[in-house]
Amino acid sequence: MEQTKLERVDEIIDCYGADKALSLAVLQEIQTEYNYLPRELLERVAERLGLPEGEVYRMATFYHSFSTKPRGDFCIRVCMGTACHVNGGPRVLEAFERELGIKAGESTPDGAYSLEATACLGACAQAPYVTINEEPHAKVTTDRVSDVVATCNCALPEAE
Amino acid sequence: MNTSKTQKHRADLLVSCVHDRAPDLIPALEAEVKRRGLEGEVKVVEAGCRGFCSMGPVLLIQPDGTFYVNVQPADVPEMVEETLVKGRVVERMTYQEPSSHACALYEDISFYSKQHRIVLRNCGMLNPASVEEYIAVGGYEAVGKALFDMTPEGVIEEVKKAGLRGRGGAGFAAARKWETGRKAEGDIKYVLANGDEGDPNCFMDRALMEADPHSILEGMIIGAYAMDAHQGYIYIPYEHTLSVKTMRNAIESARAYGLIGEDILGSGFDFEVEVRVGAHSFVGGESTALMHAIEGTVSEPRPKHIHTTEVGLWGKPTCLNNVKTWNLVPEIIGKGAEWFASIGTEKSTGTQVFSLAGKINNVGLAEVPMGTTIRELIFDVGGGIPNGREFKAIQIGGPSGGAVPASLLDMPMDYETLEEAGSMMGTGGVVVLDDRSCVIDVARYFLDFLKDQSCGKCSSCREGIRYMLEMLTNITEGKGKMSDLEVLERMGKSVKISSMCGLGKSVPNPVLSTLRHFRDEYVAHIEDHKCPAGVCKALIEHYINDQCNGCGLCLRKCPQDAITGEKKELHTIDAEKCIQCGVCFDVCRFDAVGVR
Ligand SMILES: Cc1cc2nc3c(=O)[nH]c(=O)nc-3n(C[C@H](O)[C@H](O)[C@H](O)COP(=O)(O)O)c2cc1C
Ligand code: SF4
Ligand code: FES
């Protein structure tokens, strides 16, 4: 299992010609593929690109779209952009925290949900704005939060 | 804009905002057009953003100019039958001006009629995936003019006469930058487009790249010619998938027309350009940080003792401009410097694109001449404040900017005037605050955002943000002291002076500007333990007024079981149990929940 992941990472790296200047693109692909950046894979990237491990870590933690922790099956992103903030975004985030029993940045113990506070998602007209695995939810008020979470269960990923 | 592309058809249906919000709309329109046998006469175009975000998806029918808002797939059969077959307007789908009546025609809608769209000239007007449509509206003519009729110096001179200032925030004169770049020693030079857009409330650069990618490319080609650069990069965060895709597609289709690559249009001038995908961060939009990202290291700023126009990307002379700055170049070359300079004010020429958000009716992108007053932007173009509430302030320029209060509504917006008022044009992000928005909460919000965005190199920036954030948090929690205000002011000033990059230099703006214009609100928080806007949780209280008819909805929804009351009788909130979560406020249909 781990071996296949490492091989996959090698493939990605090769695809970018093992070019240091494209390390960010490599991390992005890994993030897209595994939904987070596992430690072993970061080590591999450092080794293959001839970069100090610290440098790769710094990159993995500097950008907010990267996560070094696994994300849940349903990644709930609550917009904390300015428009959403003034339209009650923080209260909506707290409502999600209460509903799921976790804090922003955490995942539920069963790995089903993770909750993130993000910067502007570009849908300010629909503030407060929430996405669940990229699926948009517009004008989410605190009283709608439990319904929004409930929509996830109808959209369970097909068993593979 | 009646272009040659529309001539072949009786009507063009230009559909905007479909990407995220209505992926089914285009197929529905196409199917209905086909079913009614109108394929030869009517063309459905997936156009880019038209900037009217609060009304999307929107549909413009050209050439007659009928404009529909909030268009849903279910509306399609009726719309096709009535408008395309019978030539009648579907009243219920038209836009309703907040002040008056329904508006069926695009040009009558005050959101558009009061704008002056230069940057956004093609946005929503054509198919961004088609270079032919861009060419049909006169696109790439300016490249021809520059390459064949003008010297590089002539191009720079024209841009200088136009008074073009960079649209990325600082308003630096574009021609000055290009001139230094041109004169800099070096066999290799670069031109870069900044598509980072890290301001947490702006979406115009993204909208532009997605709606009119060729205008940016065209500007870059002209700029490269002026600077004698042969390689360009467009930097876009990978989160903006559609921008990346649209720009890449545009490069390839321009190449197919000989507009990118070797010997452009047979002029002997070579230019290559590539999209470089970064990751989102606010400081990543700063020039040296952006260059670091293109080089493949973490996007942190470096000191700029030597200008990047001389020593930039990979140590070579580099000219970086915002995507909007590039987009304006073809218009200036095409229509002339005088035309451009005649718009706006003497020192701030041309127009500015504002993204309007927050407590405003017309959320979206609006472009107006520089020097337009705040009142005109917010009330004429923006349609005023929703729910009849009172205008309190605009926060302009994002986290680097500041709040401008209602007393300055008639102030013209240009680079200098805004700065004098303690704010900043920045990228043109405008967040409208009404009497239910707390300015201290907003200032605190920006600091909270920025604490994770500071790269941490300068202790003044890193520690200054933390310290000011702590103080503001205390104030919003009712734990502030009057002496804090003086400390905040001093500290803000010193962080400004001692930080290296533009982030640190502007970090204190939201705090300083609110201290200047809204001192009484600070005092209310500190001395009276009140948040006049009813926002800061530690200082407010939810209560139920006599509008309550005892429907029981809030009682069932309250997560704390803090609400009691018999059915059909006035309910009450137990202040001890209440956590001020606001669910009762949101759920009540009778305006019976208040905040004090
Ligand atoms: C913290 C910080 C963030 C910035 N973010 C952006 C940005 O997102 N987009 C942008 O075009 N310029 C941004 N800038 C300004 C750039 O450093 C640079 O001045 C600009 O891209 C130059 O283009 P212009 O002259 O066309 O404005 C930022 C500057 C700072 C200090
Ligand atoms: S001012 Fe702040 S963001 Fe800019 S270089 Fe210094 S620490 Fe980094
Ligand atoms: S602020 Fe939330 S989508 Fe822009």
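Bear in mind the structure is a predicted one, so any value in this text is a computation, not a measurement.

### Notes on the interface of chain A and chain B
And then number 1: Across the contact, 38 residues belong to chain A and 50 residues belong to chain B.
And then number 2: Here chain A packs against chain B, burying approximately 3500 Å² in sum over the two surfaces, 56% of which is carbon and sulfur.
And then number 3: Interface area lost by chain A to chain B is led by Phe62(A), Thr82(A) and Asp143(A), which between them contribute 18%.
And then number 4: On the surface where chain A and chain B come into contact, there are 4 salt bridges.
And then number 5: Residues Glu300(B) and Arg58(A) are paired through a salt bridge, measuring 2.9 Å at the closest nitrogen-oxygen approach.
And then number 6: Run the count over chain A and chain B and you get 11 residue pairs in polar contact (both at pLDDT 80 or more).

### Quick look at the side chain of Ser454(B)
Residues and elements named next belong to chain B.
And then number 1: Along the chain, the position of Ser454 falls in the loop between α18 (439-451) and α19 (459-476).
And then number 2: Only 3.1 Å separates the side chain of Ser454 from the backbone nitrogen of Gly456, close enough to count as a polar contact.
And then number 3: Look past the residues within four positions of Ser454 in its chain and what remains in contact with it is Cys461, Arg462, Ile465 and Leu503.

### Some thoughts on the site of ligand 2
And then number 1: Neighbouring ligand 2 are 13 residues; Cys455(B), Lys457(B), Cys458(B), Cys461(B) and Cys501(B) lie closest to it.
And then number 2: Each residue belonging to the shell around ligand 2 can be placed in one class, and the counts come to 8 nonpolar, 4 polar and 1 charged.

### Side note on the domain arrangement of chain B
And then number 1: Segmenting chain B into domains produces domain 1 (11-113), domain 2 (131-340), domain 3 (351-437), domain 4 (440-527) and domain 5 (541-595).
And then number 2: The C-alpha centroid of domain 5 of chain B is placed 42 Å from the C-alpha centroid of domain 1 of chain B.

### Here's the deal with the sheet that holds strand β10 (residues 318-322) of chain B
All names here are of chain B.
And then number 1: Sheet architecture is open: 4 strands sit in the order β9-β8-β7-β10, paired in parallel fashion. Two strands close off the open sheet at either side, each with one partner strand: β9 (272-278) and β10. Across this sheet, the average inter-strand angle for adjacent strands is 20 degrees, counted without regard to direction.
And then number 2: Judged from the 5 bridges that link them, strand β7 (residues 190-194) and β10 form a sheet pairing that is parallel. The residue of β10 that forms the bridge with Leu192 is Leu320.
And then number 3: The strands touched by helix α14 (residues 323-335) within the sheet are β7 and β10, with β10 carrying the most contacts at an inclination of about 90 degrees.

### Some remarks on the packing of aromatic side chains
Residues and elements named next belong to chain B.
And then number 1: Counted according to the given criterion, the structure contains 22 aromatic pairs over all chains.
And then number 2: Consider the rings of Phe67 and Tyr106, whose centres lie 5.4 Å apart with planes at 55 degrees: the pair is tilted. Of this pair, Phe67 sits in strand β4 (residues 66-68) while Tyr106 sits in the loop between β6 (102-103) and α5 (110-113), placing them 39 residues apart in sequence. Tyr106 carries the same exposure label as Phe67, and that label is buried.
And then number 3: When the centroid spacing of 5.7 Å and the interplanar angle of 85 degrees are considered together, the rings of Phe67 and Tyr112 count as edge-to-face.

### Examining the environment of Leu115(A)
Residues and elements named next belong to chain A.
And then number 1: Within the secondary structure layout, Leu115 lies in strand β2 (residues 113-118).
And then number 2: The spatial distance from the C-alpha of Leu115 to the C-alpha of Lys139 is 18 Å, given a sequence separation of 24 residues.
And then number 3: The residues contacting Leu115, other than those within four sequence positions of it, are Ile76, Val78, Leu93, Phe96, Glu97, Leu100, Ile102, Lys103, Ala104, Gly105 and Glu106.

### Digging into the site of ligand 1
Residue and element names in this part refer to chain B.
And then number 1: Looking at ligand 1, there are 18 residues lining it, with Gly168, Asn194, Asn321, Asn322 and Thr325 nearest.
And then number 2: At 3.2 Å from an oxygen atom of ligand 1 is found a main-chain nitrogen or oxygen belonging to Gly198.
And then number 3: Separating a nitrogen atom of ligand 1 from a backbone N or O atom of Gly285 is a distance of 3.3 Å.
And then number 4: For ligand 1, whose free accessible area comes to 610 Å², the fraction covered by protein is 88%.
And then number 5: For the shell around ligand 1, the secondary-structure elements that each account for two or more residues are β10 and α21 (502-506).
And then number 6: In terms of residue count, the dominant contributor to the shell around ligand 1 is β10 (3 residues).
And then number 7: Taken together, the residues that form the shell around ligand 1 break down as 3 nonpolar, 10 polar and 5 charged.

### Thoughts on the environment of Pro90(A)
Residues and elements named next belong to chain A.
And then number 1: The residue Pro90 is located in helix α6 (residues 89-100) in this model.
And then number 2: A sequence separation of 42 residues divides Pro90 from Arg48, and the C-alpha atoms of the two residues are 42 Å apart.
And then number 3: In contact with Pro90, not counting residues within four places along its chain, are Met80, Cys84 and His85.

### Quick look at the environment of Asp520(B)
All names here are of chain B.
And then number 1: Within the element layout of this structure, Asp520 appears in helix α23 (residues 519-527).
And then number 2: The class of Asp520 is exposed, set by a relative accessible area of 56%.
And then number 3: In this structure the C-alpha to C-alpha distance between Asp520 and Pro532, which are 12 residues apart in sequence, comes to 9.8 Å.

### Things to note about the nonpolar core
Residue and element names in this part refer to chain B.
And then number 1: Judged by nonpolar contacts, the single largest core of 189 residues is most densely connected at Trp178, Leu217, Ile234, Ile378 and Ile394.
And then number 2: When residues no more than four places from it in sequence are discounted, the contact partners of Leu217 are Tyr140, Ile234, Met247, Ala250, Ile251, Ala254, Ile260 and Val273.
And then number 3: Counting 22 residues, the second largest nonpolar core, distinct from the first, contains Val18, Ala22, Leu29 and Met93.

Each value, and the rule that gives it
- Residues numbered from 1 in each chain as written.
- Chains lettered and ligands numbered in written order.
- Predicted model: local features only at pLDDT ≥ 70, side-chain atom pairs only at ≥ 80, totals over all residues.
- Heavy atoms only, no water.
- Contact = heavy atoms within 4.5 Å.
- Buried area = accessible area lost by both parts, 1.4 Å probe.
- Salt bridge = Lys/Arg side-chain N within 4 Å of Asp/Glu carboxyl O.
- Polar contact = N/O pair within 3.5 Å; in protein donor to acceptor, adjacent residues only side chain to side chain.
- Helix = DSSP H or I, 4+ residues; strand = E, 2+ residues; numbered from the N terminus.
- Near = heavy atom within 4 Å.
- Nonpolar A, V, L, I, M, F, W, Y, C, P; charged D, E, K, R; others polar.
- Domains from an automatic or database assignment.
- Pairing = 2+ DSSP bridges.
- Axes fitted to C-alpha atoms, helices over the stretch in contact; angles between N-to-C directions.
- Phe/Tyr/Trp six-rings, centres within 6.5 Å; stacked < 30°, edge-to-face > 60°.
- Buried < 20%, exposed > 50% of the residue type's maximum accessible area, 1.4 Å probe, protein only.
- Areas by Shrake-Rupley, 256 points an atom, 1.4 Å probe, with all protein chains shown as cover.
- Core = buried A, V, L, I, M, F, W, Y, C linked by side-chain atoms within 4.5 Å.

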